[in-house]
Amino acid sequence: MDHLDWQKSSTSGDGADYLEIASEGDLVHIRESDDPARVVTTTRAKFNAWVLGAKAGEFDHFVA
């Protein structure tokens, strides 16, 4: 996975732990900055559905 262009949110800051995301073809990869060897992979379609749900507030109850 070293060949991927990993991105993080601009609000993550420099020293904080954060999530990173990369895409490759029809796949989207997600990892935590403090454990980059552990990667979750899903399809663009599933990730798109999740992002739309997040934008719609469907997961707001997970945020304090």
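Novice: Looking at this model, I keep getting lost on the overall build of the protein. Mind explaining?
Specialist: Regarding its fold elements, the protein presents one helix and four strands. For the protein, the proportion of its 64 residues judged to be buried stands at 16%. Approximately 5000 Å² of the protein is accessible, and the part contributed by carbon and sulfur atoms is 53%. Positive and negative side-chain charges in the protein, numbering 6 and 12 respectively, have mean positions lying 4 Å apart.

Novice: Is there a simple way to think about the pairing of strand β4 (residues 35–43) in this case?
Specialist: Two faces make up the sheet, and in a regular strand the side chains alternate between them. Here strand β3 (residues 27–32) pairs with β4 via six bridges, running antiparallel. Within β4, the residue paired with L27 across the bridge is T43. Hairpin connection from β3 to β4: two residues lie between these consecutive antiparallel strands.

Novice: Sorry if this is basic, but what is going on with the sheet that holds β4 here?
Specialist: Paired through backbone hydrogen bonds, the strands of a sheet run either parallel or antiparallel to each other. Ordered in space as β1-β2-β3-β4, the four strands form an open sheet in which the pairing is antiparallel. Because the sheet does not close on itself, it has two edges, and the strands there are β1 (7–8) and β4. Set on the sheet, helix α1 (residues 44–55) makes contact with β2 (19–24), β3 and β4; between it and β4 the angle comes to about 95°.

Novice: What exactly am I supposed to notice about α1 here?
Specialist: For an α-helix the count is 3.6 residues per turn, leaving residues at separations of three or four pointing the same way. Taking 1.5 Å per residue as the helical rise, α1 with its 12 residues ought to reach 16 Å, and the 16 Å between its terminal C-alpha atoms agrees with that figure. Just past α1, the residue G57 takes up positive phi, approximately 90°.

Novice: How should the pattern of salt bridges be read in this particular structure?
Specialist: Oppositely charged side chains may form a pair once their charged atoms are brought near each other. Per the counting criterion, the structure on display carries two salt bridges. Across the pair R31 and E20 runs a salt bridge, and its minimum N-O distance is 2.5 Å. In this pair, R31 is assigned in strand β3 and E20 in strand β2, connecting sequence segments 11 residues apart. Given the relative accessible area of 14%, R31 is considered buried. Across the pair R38 and D35 runs a salt bridge whose closest N-O atoms are separated by 3.3 Å. Classification of R38 as exposed rests on a relative accessible area of 62%. For D35, a relative accessible area of 29% corresponds to the partly exposed category.

Parameters at a glance
Residues numbered from 1 in each chain as written. Predicted model: local features only at pLDDT ≥ 70, side-chain atom pairs only at ≥ 80, totals over all residues. Heavy atoms only, no water. Helix = DSSP H or I, 4+ residues; strand = E, 2+ residues; numbered from the N terminus. Buried < 20%, exposed > 50% of the residue type's maximum accessible area, 1.4 Å probe, protein only. Areas by Shrake-Rupley, 256 points an atom, 1.4 Å probe, with all protein chains shown as cover. Lys, Arg positive; Asp, Glu negative; His and termini not counted. Charge placed at Lys NZ, Arg CZ, Asp CG, Glu CD. Pairing = 2+ DSSP bridges. Contact = heavy atoms within 4.5 Å. Axes fitted to C-alpha atoms, helices over the stretch in contact; angles between N-to-C directions. Expected span 1.5 Å × (residues − 1). Salt bridge = Lys/Arg side-chain N within 4 Å of Asp/Glu carboxyl O.

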